[in-house]
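These are the residues of each chain, in order.
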Amino acid sequence: AYSPIMDPIRNPYAPGAGQRPPELAGRDEQLHAFDVTLERVSRGRPERSVVLTGLRGVGKTVLLNALRSAAVRAHWGTGKLEARPDQPLRRPLSAALHMAVRELGHPQPDEVAQVLGVIKSFAQRESTEPGGGRVGSGAGARGSAGAGRLRDRWSVGIDVPAVSGRADSGDIEIDLVELLSDVGGLAADRGVGVAIFIDEMQDLGADDISALCAAAHEISQSGLPVVIVGAGLPHLPAVLSASKSYSERLFRYSRIDRLDAVAAEIALRAPAAEEGASWSSDALGEMYAVTAGYPYFVQAYGKAVWDAAVGPEISVDDVRMAAPEAEAELAVGFFGSRYERATPAEREYLRAMADAAYASRSSAELDAVPTAEVAALLGKRPQSLSPARDSLMKKGLVYSGERGQIAFTVPHFGRYLRAHPE
(Lines give C-alpha, C1' and ligand atoms only; values in the text may rest on other atoms or scores of the structure.)
Protein backbone atom coordinates (compact mmCIF):
# COMPACT_ATOMS: atom_id res chain seq x y z
CA ALA A 1 0.00 0.00 0.00
CA TYR A 2 1.14 3.52 -0.77
CA SER A 3 1.46 6.05 2.04
CA PRO A 4 1.35 9.76 1.16
CA ILE A 5 3.77 10.35 4.06
CA MET A 6 6.48 8.35 2.27
CA ASP A 7 6.10 10.30 -0.95
CA PRO A 8 9.47 10.13 -2.76
CA ILE A 9 9.14 13.82 -3.60
CA ARG A 10 9.23 14.53 0.14
CA ASN A 11 12.19 12.22 0.74
CA PRO A 12 14.34 14.25 3.16
CA TYR A 13 17.64 12.39 2.77
CA ALA A 14 20.30 13.91 0.57
CA PRO A 15 23.32 11.86 -0.51
CA GLY A 16 25.65 14.03 -2.58
CA ALA A 17 29.21 15.31 -2.64
CA GLY A 18 29.34 18.27 -0.27
CA GLN A 19 25.54 18.43 -0.08
CA ARG A 20 24.35 19.46 3.36
CA PRO A 21 22.18 16.78 4.98
CA PRO A 22 18.82 17.86 6.43
CA GLU A 23 20.24 17.35 9.93
CA LEU A 24 23.94 18.12 10.49
CA ALA A 25 24.36 15.71 13.37
CA GLY A 26 27.46 15.00 15.44
CA ARG A 27 29.38 18.19 14.58
CA ASP A 28 28.33 20.47 17.44
CA GLU A 29 31.81 20.46 18.98
CA GLN A 30 33.47 21.78 15.81
CA LEU A 31 30.74 24.37 15.21
CA HIS A 32 30.97 25.69 18.77
CA ALA A 33 34.78 25.81 18.72
CA PHE A 34 34.70 27.85 15.51
CA ASP A 35 32.19 30.32 16.95
CA VAL A 36 34.66 30.88 19.80
CA THR A 37 37.50 31.34 17.28
CA LEU A 38 35.52 33.96 15.35
CA GLU A 39 34.71 35.93 18.49
CA ARG A 40 38.24 35.76 19.89
CA VAL A 41 39.86 36.87 16.64
CA SER A 42 37.34 39.70 16.22
CA ARG A 43 38.41 40.95 19.66
CA GLY A 44 42.08 40.87 18.73
CA ARG A 45 42.90 37.76 20.75
CA PRO A 46 45.28 35.10 19.37
CA GLU A 47 43.73 31.98 17.93
CA ARG A 48 44.91 29.19 15.65
CA SER A 49 43.62 28.50 12.18
CA VAL A 50 41.68 25.27 11.68
CA VAL A 51 42.29 22.06 9.73
CA LEU A 52 39.63 19.36 9.32
CA THR A 53 40.81 15.90 8.27
CA GLY A 54 39.04 12.64 7.46
CA LEU A 55 38.20 10.03 4.84
CA ARG A 56 35.93 10.63 1.86
CA GLY A 57 32.25 10.67 2.78
CA VAL A 58 32.56 11.81 6.41
CA GLY A 59 31.24 15.28 5.65
CA LYS A 60 34.35 17.50 5.63
CA THR A 61 33.08 19.70 2.80
CA VAL A 62 29.64 19.96 4.41
CA LEU A 63 31.24 21.03 7.70
CA LEU A 64 33.56 23.44 5.89
CA ASN A 65 30.52 25.10 4.32
CA ALA A 66 28.75 25.21 7.69
CA LEU A 67 31.76 26.96 9.24
CA ARG A 68 31.76 29.45 6.39
CA SER A 69 28.08 30.16 7.04
CA ALA A 70 28.97 30.82 10.69
CA ALA A 71 31.62 33.33 9.59
CA VAL A 72 29.13 35.07 7.29
CA ARG A 73 26.63 35.33 10.18
CA ALA A 74 29.41 36.96 12.23
CA HIS A 75 29.77 39.55 9.41
CA TRP A 76 33.21 38.31 8.41
CA GLY A 77 34.50 38.40 4.86
CA THR A 78 34.80 34.86 3.50
CA GLY A 79 36.11 33.14 0.39
CA LYS A 80 36.45 29.50 -0.57
CA LEU A 81 38.61 27.56 -3.00
CA GLU A 82 39.19 23.92 -3.83
CA ALA A 83 42.83 22.98 -4.30
CA ARG A 84 43.73 20.85 -7.29
CA PRO A 85 46.95 19.04 -8.14
CA ASP A 86 49.26 21.11 -10.38
CA GLN A 87 47.12 24.24 -10.01
CA PRO A 88 49.06 27.18 -8.50
CA LEU A 89 47.46 28.96 -5.57
CA ARG A 90 47.55 32.53 -6.91
CA ARG A 91 44.43 32.62 -9.06
CA PRO A 92 41.96 30.66 -6.91
CA LEU A 93 43.15 32.42 -3.74
CA SER A 94 42.79 35.80 -5.47
CA ALA A 95 39.21 34.98 -6.45
CA ALA A 96 38.45 33.86 -2.88
CA LEU A 97 39.93 37.02 -1.38
CA HIS A 98 38.08 39.17 -3.91
CA MET A 99 34.84 37.64 -2.63
CA ALA A 100 35.92 38.14 0.99
CA VAL A 101 36.66 41.83 0.47
CA ARG A 102 33.29 42.36 -1.21
CA GLU A 103 31.54 40.66 1.73
CA LEU A 104 33.26 42.97 4.23
CA GLY A 105 31.32 45.98 2.99
CA HIS A 106 34.03 48.44 3.98
CA PRO A 107 32.72 52.04 4.00
CA GLN A 108 35.84 53.60 2.42
CA PRO A 109 35.82 52.96 -1.37
CA ASP A 110 39.39 54.21 -1.82
CA GLU A 111 40.78 51.77 0.73
CA VAL A 112 38.79 48.91 -0.81
CA ALA A 113 40.05 49.80 -4.29
CA GLN A 114 43.65 49.82 -3.00
CA VAL A 115 43.32 46.31 -1.56
CA LEU A 116 41.51 45.00 -4.63
CA GLY A 117 44.36 46.40 -6.73
CA VAL A 118 46.84 44.45 -4.60
CA ILE A 119 44.79 41.27 -5.05
CA LYS A 120 44.80 41.84 -8.80
CA SER A 121 48.56 42.43 -8.81
CA PHE A 122 49.09 39.23 -6.78
CA ALA A 123 46.91 37.22 -9.17
CA GLN A 124 48.68 38.38 -12.31
CA ARG A 125 52.26 38.10 -11.09
CA GLU A 126 54.38 35.38 -12.64
CA SER A 127 55.75 33.15 -9.87
CA THR A 128 59.50 32.70 -9.52
CA GLU A 129 59.34 29.44 -7.56
CA PRO A 130 60.47 26.17 -9.20
CA GLY A 131 57.80 25.17 -11.67
CA GLY A 132 56.28 28.66 -11.53
CA GLY A 133 57.58 29.75 -14.93
CA ARG A 134 60.47 31.98 -13.94
CA VAL A 135 61.89 33.87 -16.89
CA GLY A 136 65.30 32.55 -17.89
CA SER A 137 67.08 32.75 -21.25
CA GLY A 138 66.72 31.42 -24.78
CA ALA A 139 63.59 29.68 -26.03
CA GLY A 140 62.42 28.92 -22.51
CA ALA A 141 62.49 32.61 -21.69
CA ARG A 142 60.31 33.42 -24.69
CA GLY A 143 57.81 30.77 -23.61
CA SER A 144 57.73 32.08 -20.05
CA ALA A 145 57.41 35.66 -21.20
CA GLY A 146 54.43 34.63 -23.32
CA ALA A 147 52.88 32.96 -20.29
CA GLY A 148 53.48 36.16 -18.32
CA ARG A 149 51.66 38.24 -20.93
CA LEU A 150 48.71 35.87 -20.77
CA ARG A 151 48.63 36.27 -17.00
CA ASP A 152 48.67 40.06 -17.41
CA ARG A 153 45.45 39.85 -19.42
CA TRP A 154 43.74 37.72 -16.79
CA SER A 155 41.93 40.05 -14.39
CA VAL A 156 39.97 37.97 -11.81
CA GLY A 157 37.02 40.25 -12.58
CA ILE A 158 38.49 43.06 -10.45
CA ASP A 159 37.56 46.40 -11.97
CA VAL A 160 40.41 48.47 -10.55
CA PRO A 161 44.01 48.97 -11.71
CA ALA A 162 46.63 46.58 -10.35
CA VAL A 163 48.79 48.11 -7.61
CA SER A 164 52.44 47.61 -8.50
CA GLY A 165 55.07 47.07 -5.84
CA ARG A 166 52.79 45.22 -3.45
CA ALA A 167 52.31 41.40 -3.34
CA ASP A 168 53.86 41.11 -6.81
CA SER A 169 57.50 40.14 -6.17
CA GLY A 170 56.98 36.67 -7.64
CA ASP A 171 58.05 35.05 -4.35
CA ILE A 172 54.79 33.46 -3.21
CA GLU A 173 55.72 33.62 0.50
CA ILE A 174 56.57 37.34 0.48
CA ASP A 175 53.56 38.13 -1.67
CA LEU A 176 51.15 36.18 0.53
CA VAL A 177 52.28 37.99 3.67
CA GLU A 178 51.77 41.38 2.03
CA LEU A 179 48.43 40.35 0.53
CA LEU A 180 46.97 38.91 3.74
CA SER A 181 48.29 41.87 5.72
CA ASP A 182 46.37 44.29 3.50
CA VAL A 183 43.19 42.22 3.50
CA GLY A 184 43.45 41.67 7.26
CA GLY A 185 43.89 45.40 7.83
CA LEU A 186 40.71 46.10 5.91
CA ALA A 187 38.82 43.61 8.09
CA ALA A 188 40.33 45.01 11.30
CA ASP A 189 38.94 48.44 10.38
CA ARG A 190 35.47 46.86 10.47
CA GLY A 191 36.07 45.06 13.78
CA VAL A 192 35.68 41.66 12.11
CA GLY A 193 37.94 39.27 10.21
CA VAL A 194 38.53 37.37 7.01
CA ALA A 195 38.32 33.59 6.75
CA ILE A 196 39.63 31.65 3.77
CA PHE A 197 38.26 28.12 3.35
CA ILE A 198 40.42 25.64 1.42
CA ASP A 199 38.95 22.26 0.47
CA GLU A 200 41.19 19.34 -0.61
CA MET A 201 44.06 21.21 1.01
CA GLN A 202 46.45 18.27 0.61
CA ASP A 203 46.44 18.92 -3.16
CA LEU A 204 48.20 22.28 -2.86
CA GLY A 205 51.72 22.32 -4.31
CA ALA A 206 54.67 22.07 -1.92
CA ASP A 207 55.71 25.71 -2.47
CA ASP A 208 52.17 26.96 -1.93
CA ILE A 209 51.71 24.89 1.25
CA SER A 210 54.98 26.22 2.63
CA ALA A 211 54.10 29.81 1.75
CA LEU A 212 50.61 29.52 3.20
CA CYS A 213 51.97 28.22 6.51
CA ALA A 214 54.65 30.93 6.65
CA ALA A 215 52.16 33.67 5.83
CA ALA A 216 49.61 32.43 8.37
CA HIS A 217 52.39 32.33 10.97
CA GLU A 218 53.44 35.88 10.18
CA ILE A 219 49.86 37.17 10.17
CA SER A 220 49.04 35.54 13.52
CA GLN A 221 52.13 37.15 15.06
CA SER A 222 50.94 40.51 13.73
CA GLY A 223 47.57 40.02 15.39
CA LEU A 224 45.65 40.57 12.16
CA PRO A 225 42.17 38.96 11.93
CA VAL A 226 42.82 36.41 9.19
CA VAL A 227 41.90 32.75 9.68
CA ILE A 228 42.56 29.83 7.33
CA VAL A 229 40.21 26.87 7.50
CA GLY A 230 41.45 23.85 5.57
CA ALA A 231 39.92 20.44 4.94
CA GLY A 232 41.65 17.38 3.55
CA LEU A 233 42.50 13.71 3.77
CA PRO A 234 43.91 12.12 6.95
CA HIS A 235 47.54 12.67 5.89
CA LEU A 236 47.12 16.47 5.60
CA PRO A 237 48.74 17.14 9.02
CA ALA A 238 51.82 15.20 7.86
CA VAL A 239 51.93 17.24 4.63
CA LEU A 240 51.80 20.49 6.61
CA SER A 241 54.36 19.32 9.16
CA ALA A 242 56.79 18.26 6.43
CA SER A 243 56.49 21.75 4.96
CA LYS A 244 56.87 23.76 8.18
CA SER A 245 57.63 22.14 11.53
CA TYR A 246 55.71 24.83 13.39
CA SER A 247 52.47 23.96 11.53
CA GLU A 248 51.59 21.69 14.46
CA ARG A 249 51.26 24.84 16.58
CA LEU A 250 49.81 26.97 13.80
CA PHE A 251 46.64 24.93 13.24
CA ARG A 252 44.04 23.34 15.47
CA TYR A 253 43.50 19.90 13.94
CA SER A 254 40.09 18.28 14.10
CA ARG A 255 39.62 14.70 12.93
CA ILE A 256 36.19 14.32 11.32
CA ASP A 257 35.14 10.71 11.74
CA ARG A 258 32.06 8.59 11.31
CA LEU A 259 29.06 9.37 13.50
CA ASP A 260 28.46 7.51 16.73
CA ALA A 261 25.18 5.62 17.09
CA VAL A 262 23.39 8.53 18.83
CA ALA A 263 24.38 11.10 16.17
CA ALA A 264 23.48 8.70 13.34
CA GLU A 265 20.09 8.16 14.96
CA ILE A 266 19.47 11.92 15.11
CA ALA A 267 20.53 12.28 11.45
CA LEU A 268 17.80 9.78 10.53
CA ARG A 269 15.05 10.57 13.03
CA ALA A 270 14.94 14.37 12.80
CA PRO A 271 14.36 14.69 9.01
CA ALA A 272 11.75 11.88 9.10
CA ALA A 273 9.87 13.59 11.96
CA GLU A 274 9.71 16.80 9.91
CA GLU A 275 7.76 14.82 7.29
CA GLY A 276 5.50 13.00 9.77
CA ALA A 277 7.38 9.67 9.69
CA SER A 278 9.43 7.74 12.24
CA TRP A 279 11.97 4.92 12.60
CA SER A 280 11.61 1.85 14.78
CA SER A 281 14.48 1.12 17.18
CA ASP A 282 15.29 -2.09 15.29
CA ALA A 283 15.42 -0.20 11.99
CA LEU A 284 17.85 2.34 13.46
CA GLY A 285 20.05 -0.46 14.79
CA GLU A 286 20.09 -2.14 11.38
CA MET A 287 20.93 1.17 9.68
CA TYR A 288 23.93 1.69 11.94
CA ALA A 289 25.10 -1.84 11.22
CA VAL A 290 25.02 -1.36 7.44
CA THR A 291 26.28 2.25 7.31
CA ALA A 292 28.85 2.09 10.16
CA GLY A 293 27.85 5.70 10.84
CA TYR A 294 29.54 7.17 7.76
CA PRO A 295 27.45 10.27 6.93
CA TYR A 296 27.38 9.69 3.17
CA PHE A 297 26.23 6.09 3.68
CA VAL A 298 23.59 7.22 6.21
CA GLN A 299 22.11 9.56 3.61
CA ALA A 300 22.35 7.03 0.75
CA TYR A 301 20.66 4.25 2.72
CA GLY A 302 18.17 6.69 4.24
CA LYS A 303 17.06 7.81 0.79
CA ALA A 304 16.65 4.24 -0.49
CA VAL A 305 14.80 3.06 2.62
CA TRP A 306 12.38 6.01 2.52
CA ASP A 307 11.48 5.25 -1.09
CA ALA A 308 10.92 1.55 -0.30
CA ALA A 309 9.00 1.93 2.98
CA VAL A 310 5.23 1.95 3.41
CA GLY A 311 5.34 3.97 6.63
CA PRO A 312 4.57 5.98 8.57
CA GLU A 313 7.01 4.01 10.76
CA ILE A 314 10.06 2.65 8.99
CA SER A 315 10.73 -0.95 10.03
CA VAL A 316 13.80 -3.18 10.04
CA ASP A 317 12.22 -5.11 7.13
CA ASP A 318 12.12 -1.86 5.13
CA VAL A 319 15.84 -1.40 5.73
CA ARG A 320 16.65 -4.95 4.64
CA MET A 321 14.46 -4.69 1.55
CA ALA A 322 16.05 -1.40 0.47
CA ALA A 323 19.65 -2.39 1.24
CA PRO A 324 20.39 -3.93 -2.20
CA GLU A 325 19.17 -0.74 -3.91
CA ALA A 326 21.37 1.44 -1.66
CA GLU A 327 24.38 -0.83 -2.21
CA ALA A 328 23.87 -0.76 -5.96
CA GLU A 329 23.71 3.05 -5.92
CA LEU A 330 26.90 3.26 -3.85
CA ALA A 331 28.62 0.72 -6.09
CA VAL A 332 28.08 2.98 -9.09
CA GLY A 333 28.17 6.51 -7.70
CA PHE A 334 30.51 6.31 -4.71
CA PHE A 335 32.87 3.38 -5.29
CA GLY A 336 32.60 2.62 -9.00
CA SER A 337 33.15 6.19 -10.18
CA ARG A 338 36.46 6.25 -8.29
CA TYR A 339 37.54 2.80 -9.42
CA GLU A 340 36.95 3.78 -13.05
CA ARG A 341 39.61 6.50 -12.74
CA ALA A 342 42.32 3.89 -12.08
CA THR A 343 44.45 2.31 -14.81
CA PRO A 344 44.72 -1.50 -15.02
CA ALA A 345 48.01 -1.46 -13.09
CA GLU A 346 46.51 0.80 -10.45
CA ARG A 347 43.44 -1.43 -10.13
CA GLU A 348 45.74 -4.39 -9.56
CA TYR A 349 47.40 -2.45 -6.76
CA LEU A 350 44.02 -1.48 -5.23
CA ARG A 351 42.85 -5.10 -5.23
CA ALA A 352 46.08 -6.25 -3.59
CA MET A 353 45.53 -3.58 -0.93
CA ALA A 354 42.02 -4.93 -0.33
CA ASP A 355 43.34 -8.48 0.02
CA ALA A 356 46.06 -7.34 2.39
CA ALA A 357 43.54 -5.39 4.48
CA TYR A 358 41.53 -8.56 5.12
CA ALA A 359 44.39 -11.06 5.18
CA SER A 360 44.88 -11.08 8.95
CA ARG A 361 41.21 -10.79 9.93
CA SER A 362 38.18 -12.74 8.83
CA SER A 363 35.70 -9.86 8.85
CA ALA A 364 37.26 -6.54 9.86
CA GLU A 365 39.00 -4.31 7.36
CA LEU A 366 42.32 -2.85 8.46
CA ASP A 367 42.71 0.91 8.21
CA ALA A 368 46.19 0.74 6.65
CA VAL A 369 48.42 -2.00 5.27
CA PRO A 370 52.20 -2.24 4.74
CA THR A 371 53.29 -1.44 1.19
CA ALA A 372 55.69 -4.38 1.44
CA GLU A 373 52.74 -6.71 2.03
CA VAL A 374 50.95 -5.37 -1.06
CA ALA A 375 54.11 -5.96 -3.10
CA ALA A 376 54.42 -9.50 -1.74
CA LEU A 377 50.85 -10.33 -2.76
CA LEU A 378 51.60 -9.08 -6.27
CA GLY A 379 54.94 -10.89 -6.38
CA LYS A 380 56.81 -7.70 -7.22
CA ARG A 381 59.47 -5.50 -5.65
CA PRO A 382 58.03 -2.51 -3.75
CA GLN A 383 60.13 -0.08 -5.83
CA SER A 384 58.56 -1.30 -9.07
CA LEU A 385 55.10 -0.46 -7.70
CA SER A 386 55.98 3.12 -6.76
CA PRO A 387 54.58 4.66 -9.99
CA ALA A 388 51.18 3.01 -9.50
CA ARG A 389 51.07 3.93 -5.82
CA ASP A 390 52.11 7.53 -6.45
CA SER A 391 49.54 7.91 -9.20
CA LEU A 392 46.79 6.55 -6.94
CA MET A 393 47.82 9.04 -4.27
CA LYS A 394 47.68 11.87 -6.78
CA LYS A 395 44.19 10.77 -7.84
CA GLY A 396 43.12 10.84 -4.19
CA LEU A 397 42.25 7.14 -4.01
CA VAL A 398 44.87 6.17 -1.42
CA TYR A 399 47.03 7.99 1.11
CA SER A 400 50.08 7.28 3.21
CA GLY A 401 49.69 8.32 6.83
CA GLU A 402 53.15 7.05 7.73
CA ARG A 403 56.16 5.68 5.93
CA GLY A 404 55.68 2.16 4.59
CA GLN A 405 51.90 2.20 5.10
CA ILE A 406 49.10 2.75 2.59
CA ALA A 407 45.33 3.13 3.07
CA PHE A 408 42.17 3.80 1.09
CA THR A 409 40.77 7.35 1.23
CA VAL A 410 37.27 5.90 0.86
CA PRO A 411 35.71 3.91 3.73
CA HIS A 412 34.78 0.30 2.89
CA PHE A 413 36.53 0.51 -0.49
CA GLY A 414 38.34 -2.75 0.20
CA ARG A 415 35.03 -4.44 0.98
CA TYR A 416 33.59 -3.13 -2.29
CA LEU A 417 36.56 -4.44 -4.30
CA ARG A 418 36.31 -7.90 -2.74
CA ALA A 419 32.56 -8.01 -3.38
CA HIS A 420 33.01 -6.98 -7.02
CA PRO A 421 35.77 -9.11 -8.55
CA GLU A 422 36.66 -8.28 -12.13
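Structure first, text after, so check above.
Please read all numbers here as calculations on a predicted model, not as lab measurements.

A look at the sheet that holds strand β5 (residues 251–255)
Each strand in a sheet pairs with another by means of backbone hydrogen bonds, the pair being arranged parallel or else antiparallel.
Consideration 1: As summarised here, the arrangement of the 5 strands in space is β2-β3-β4-β1-β5, forming an open sheet in which the pairing is parallel. Among the strands making up the open sheet, the edge pair consists of β2 (77–82) and β5. On average, each strand axis in the sheet is inclined to that of its neighbour by 15 degrees, with strand direction left out of account.
Consideration 2: Bridge count between strand β3 (residues 194–199) and strand β4 (residues 226–232): 5 bridges; the pairing is parallel. Its bridge partner lying in β4, alanine 195 is registered against valine 227.
Consideration 3: Sheet contacts for helix α8 (residues 236–243): β1 (49–53), β4 and β5; angle to β1, the most-contacted strand, approximately 135 degrees.

Some details on the environment of histidine 412
Consideration 1: The residue histidine 412 is located in the loop between β10 (405–408) and α17 (413–419) in this model.
Consideration 2: For histidine 412, a relative accessible area of 14% translates into the label buried.
Consideration 3: Along the primary structure histidine 412 and aspartate 367 are separated by 45 residues, whereas in three dimensions their C-alpha atoms are 9.6 Å apart.

Focus on the pattern of salt bridges
Consideration 1: Counted by the stated rule, this structure contains 16 salt bridges.
Consideration 2: The partner of glutamate 200 in a salt bridge is arginine 56, and the shortest N-O contact between them spans 2.7 Å. Remark: arginine 56 occurs in the loop between β1 and α2 (60–73) and glutamate 200 occurs in the loop between β3 and α7 (206–222); sequence separation between them is 144 residues.
Consideration 3: A relative accessible area of 13% places arginine 56 in the buried class.
Consideration 4: Among the salt bridges present, the one from lysine 303 reaches aspartate 307, with a minimum N-O distance of 3.9 Å. Of the two residues, lysine 303 and aspartate 307 both sit in helix α12 (residues 295–308), 4 residues apart, roughly one turn of that helix.
Consideration 5: Residue aspartate 307 is classed as partly exposed on the basis of its relative accessible area of 39%.

A short note on the sheet that holds β10
Consideration 1: Strand order in this open sheet of 3 strands is β8-β10-β9, and the pairing throughout is antiparallel. Two strands close off the open sheet at either side, each with one partner strand: β8 (369–370) and β9 (398–399).
Consideration 2: As paired elements, β8 and β10 share 2 bridges and run antiparallel to each other. Bridge assignment links valine 369 to a residue of β10, and that residue is isoleucine 406.
Consideration 3: Of the strands in this sheet, β8, β9 and β10 touch helix α14 (residues 344–359), which is tilted by about 100 degrees from β10.

Parameters and conventions
- Residues numbered from 1 in each chain as written.
- Predicted model: local features only at pLDDT ≥ 70, side-chain atom pairs only at ≥ 80, totals over all residues.
- Heavy atoms only, no water.
- Pairing = 2+ DSSP bridges.
- Helix = DSSP H or I, 4+ residues; strand = E, 2+ residues; numbered from the N terminus.
- Axes fitted to C-alpha atoms, helices over the stretch in contact; angles between N-to-C directions.
- Contact = heavy atoms within 4.5 Å.
- Buried < 20%, exposed > 50% of the residue type's maximum accessible area, 1.4 Å probe, protein only.
- Salt bridge = Lys/Arg side-chain N within 4 Å of Asp/Glu carboxyl O.

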